[in-house]
Amino acid sequence: MPTATARHILVSTEAECLQLKAEIEAGADFAEVARKNSACPSRMQGGDLGAFVPGQMVKEFDEVVFSGEINKVLGPVRTQFGYHLIEITKRW
């Protein structure tokens, strides 16, 4: 079964998500941006979600994590929780 590791930032609006993505693409540290802005408890680990398999996360999140480019900031991805920036760190 495929497995991935990823980190993410969760915010309430698409506009905020796009602003944070621009900051990261301009050189801001993903983990630091997550610590300061994410609404998810994973912010304490810089957004790190650890390893997971398909079905452990909501469908929209899974679709990105198991098909998207590794080590690139992806999103905004809208889920029932809000808007996510996702960085897939490893997939096997």
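Structure's up top.
Computed from a prediction, not measured in an experiment: that's the story for all the values here. (Residues numbered from 1 in each chain as written. Predicted model: local features only at pLDDT ≥ 70, side-chain atom pairs only at ≥ 80, totals over all residues. Heavy atoms only, no water.)

(A) Summary view of the pairing of strand β4 (residues 82–91). Taken across its ten residues, β4 has seven buried, putting it largely inside the fold. The sheet contact formed by strand β1 (residues 4–11) and β4 spans eight bridges and is antiparallel. Bridge assignment links Leu10 to a residue of β4, and that residue is His84. The pairing of strand β3 (residues 73–79) with β4 spans five bridges and is antiparallel. Its bridge partner being in β4, Thr79 is matched across the sheet by Gly82. (Buried < 20%, exposed > 50% of the residue type's maximum accessible area, 1.4 Å probe, protein only. Helix = DSSP H or I, 4+ residues; strand = E, 2+ residues; numbered from the N terminus. Pairing = 2+ DSSP bridges.)

(B) Summary view of helix α2 (residues 30–37). Three or more residues of α2 are buried, namely Phe30, Ala31, Val33 and Ala34. End-on view of α2: buried residues confined to an arc of 160°, all on one side of the axis. Those residues of α2 that are buried are in contact with β1, α1 (14–25), β3 and β4. (Arc of directions from axis to C-beta. Contact = heavy atoms within 4.5 Å.)

(C) Representation of the side chain of Lys21 in the model. Mapped onto the elements, Lys21 comes out in helix α1. Notably, Lys21 is buried but unbridged: the nearest opposite-charge side chain belongs to Glu25, and the N-O separation is 4.3 Å. With residues up to four places along the chain from it excluded, the contact list for Lys21 reads Val73, Leu74, Gly75 and Leu85. (Lys, Arg positive; Asp, Glu negative; His and termini not counted. Salt bridge = Lys/Arg side-chain N within 4 Å of Asp/Glu carboxyl O.)

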